[in-house]
Amino acid sequence: MLVMPGKLKIHVDQDKCQGHARCKSLAPELFELDEFGNAHEVGDGTVPAGLEDKAWLAQTNCPEIAIEVTEE
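Definitions and cut-offs
- Residues numbered from 1 in each chain as written.
- Predicted model: local features only at pLDDT ≥ 70, side-chain atom pairs only at ≥ 80, totals over all residues.
- Heavy atoms only, no water.
- Helix = DSSP H or I, 4+ residues; strand = E, 2+ residues; numbered from the N terminus.
- Rg over C-alpha atoms; globule rule 2.2 N^0.38 Å.
- Buried < 20%, exposed > 50% of the residue type's maximum accessible area, 1.4 Å probe, protein only.
- Contact = heavy atoms within 4.5 Å.
- Core = buried A, V, L, I, M, F, W, Y, C linked by side-chain atoms within 4.5 Å.

(A) Inspection of the overall build of the protein at higher detail. A count of helical and extended segments in the protein gives 2 helices and 4 strands. Start at the N end of the protein and walk to the C end: the helices and strands fall as β-α-β-β-α-β. Relative to the globule expectation of 11 Å for 72 residues, the C-alpha radius of gyration of the protein, 12 Å, shows essentially globular dimensions. Taking all 72 residues of the protein together, 28% fall into the buried category. Taking contacts inside the protein between residues at least 6 apart in sequence as the whole, the part at least 24 apart equals 62%.

(B) Seen up close, the nonpolar core. If you look at the biggest cluster of nonpolar residues, it comprises 17 residues, and the most contacted ones within it are Ile 10, Val 12, Cys 23, Leu 30, Phe 31, Val 47 and Ile 67. At 3 residues, strand S1 (residues 8–12) tops the list of elements feeding residues into this core. Val 47 has contacts with Lys 7, Leu 8, Lys 9, Ile 10, Leu 30, Glu 52 and Ala 55, leaving out every residue within four places of it along the chain.

(C) Just unusual backbone geometry, in detail. We note that Ala 21 has phi near 65 degrees; this positive angle belongs to a residue other than glycine. You can see Ala 21 is positioned in the loop between S1 and helix H1 (22–26). Of note, the phi angle at Ile 65 is positive, near 50 degrees, even though the residue is not glycine. One can find Ile 65 in the loop between helix H2 (52–61) and strand S4 (67–71). According to the relative accessible area criterion, Ile 65 is exposed, its value standing at 63%.

What follows is the structure, encoded as structure tokens:
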């Protein structure tokens, strides 16, 4: 088993998010939508083990480049 150093965190830039909701479609465990359809990270943005690929996939598929993935 490959152990990744550190944990991933995601953050949605609210100024960039246009509510396409691709992230929510691709990674519903990691993103929530507000009443306007704009996405934000679940909780503090910590990506649970096993969902790292979904975090990167959501970032890659965001048309507004509003999702930041960082390693702690």
